[in-house]
Amino acid sequence: MDILDIALTIINVILAVVSGVGAYKSLKYFRKSHNLTIYAQTNKALIEIQKMLSKLPEALSASNMGMRERKGFSLHNTLCNIGQELNSSLIEIRSSLPSEYTQEFGRLQDDTSFSLQKYINSFISGKAVTEKGINSTEYNLCQTRLVAMQDYLKRLVSETEEKLK
């Protein structure tokens, strides 16, 4: 009976070691998978920011065209459409960005001097339009915010990419 107990103890130790190795590999795979998910979500948000940055100059161009009063051109409708596209991109970013980064991202969007969401909403409602087109100061603030948000997302993507290596 002594030999049987020793053999079973050895088998149990071997199985415990194999189980421990499997758990370690599983945890390593989970972390890599989690980082890959964060990478994909952050990359998707970065693409949306780049769409927003490419869409924003269209508003300035429309404002310049609106000042020339061309027939059949409605500055309000054009800015409303651009605002809706910017808003849908911002919603897509918020939904795809991992939760651990949303607080910092929200801080980049809004502070006491400027709110990106309010500015986009002013495009949709038509409040962004003045007699002289759109306010260039607010436009520049919006563009600066979008660039800061893009830089933040690029940094997150590169950090996550390093974790995946």
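Residues numbered from 1 in each chain as written. Predicted model: local features only at pLDDT ≥ 70, side-chain atom pairs only at ≥ 80, totals over all residues. Heavy atoms only, no water.

1. Points about the overall build of the protein
Link 1 in the chain: Across its full length, the protein carries five helices and two strands.
Link 2 in the chain: Expected size for 165 residues packed as a compact globule is a radius of gyration near 15 Å; at 26 Å, the protein overshoots this value by more than 25%.
Link 3 in the chain: Sorting the 165 residues of the protein into buried and exposed places 33% on the buried side.
Link 4 in the chain: In the protein, 82% of the contacts between residues at least 6 apart in sequence involve partners at least 24 apart.
Link 5 in the chain: Within the structure as shown, the protein displays about 10600 Å² of accessible surface, and the carbon and sulfur contribution to it stands at 57%.
Link 6 in the chain: The centroid of the 20 positive side-chain charges in the protein is displaced by 6 Å from the centroid of its 17 negative side-chain charges. (Helix = DSSP H or I, 4+ residues; strand = E, 2+ residues; numbered from the N terminus. Rg over C-alpha atoms; globule rule 2.2 N^0.38 Å. Buried < 20%, exposed > 50% of the residue type's maximum accessible area, 1.4 Å probe, protein only. Contact = heavy atoms within 4.5 Å. Areas by Shrake-Rupley, 256 points an atom, 1.4 Å probe, with all protein chains shown as cover. Lys, Arg positive; Asp, Glu negative; His and termini not counted. Charge placed at Lys NZ, Arg CZ, Asp CG, Glu CD.)

2. Observations concerning helix 5 (residues 136–164)
Link 1 in the chain: Between its first and last C-alpha atoms helix 5 spans 42 Å; for 29 residues at 1.5 Å apiece the expected length is 42 Å, and the two agree.
Link 2 in the chain: Between the side-chain oxygen of the N-cap and the backbone nitrogen of threonine 137 there are 2.9 Å, and the N-cap of helix 5 in question is asparagine 135. (Expected span 1.5 Å × (residues − 1). Polar contact = N/O pair within 3.5 Å; in protein donor to acceptor, adjacent residues only side chain to side chain.)

3. Some thoughts on the pattern of salt bridges
Link 1 in the chain: Taken as a whole and judged by the stated rule, the model has seven salt bridges.
Link 2 in the chain: Of the charged contacts, one joins lysine 55 and glutamate 58 as a salt bridge, the two residues approaching to 2.8 Å between their closest N and O atoms. One end of the pair is lysine 55 and the other is glutamate 58, both in helix 1 (residues 2–67) and three residues apart, which spans about a single turn.
Link 3 in the chain: Given the relative accessible area of 36%, glutamate 58 is considered partly exposed.
Link 4 in the chain: For glutamate 85, the salt bridge goes to lysine 55, with nearest N and O atoms at 2.8 Å. (Salt bridge = Lys/Arg side-chain N within 4 Å of Asp/Glu carboxyl O.)

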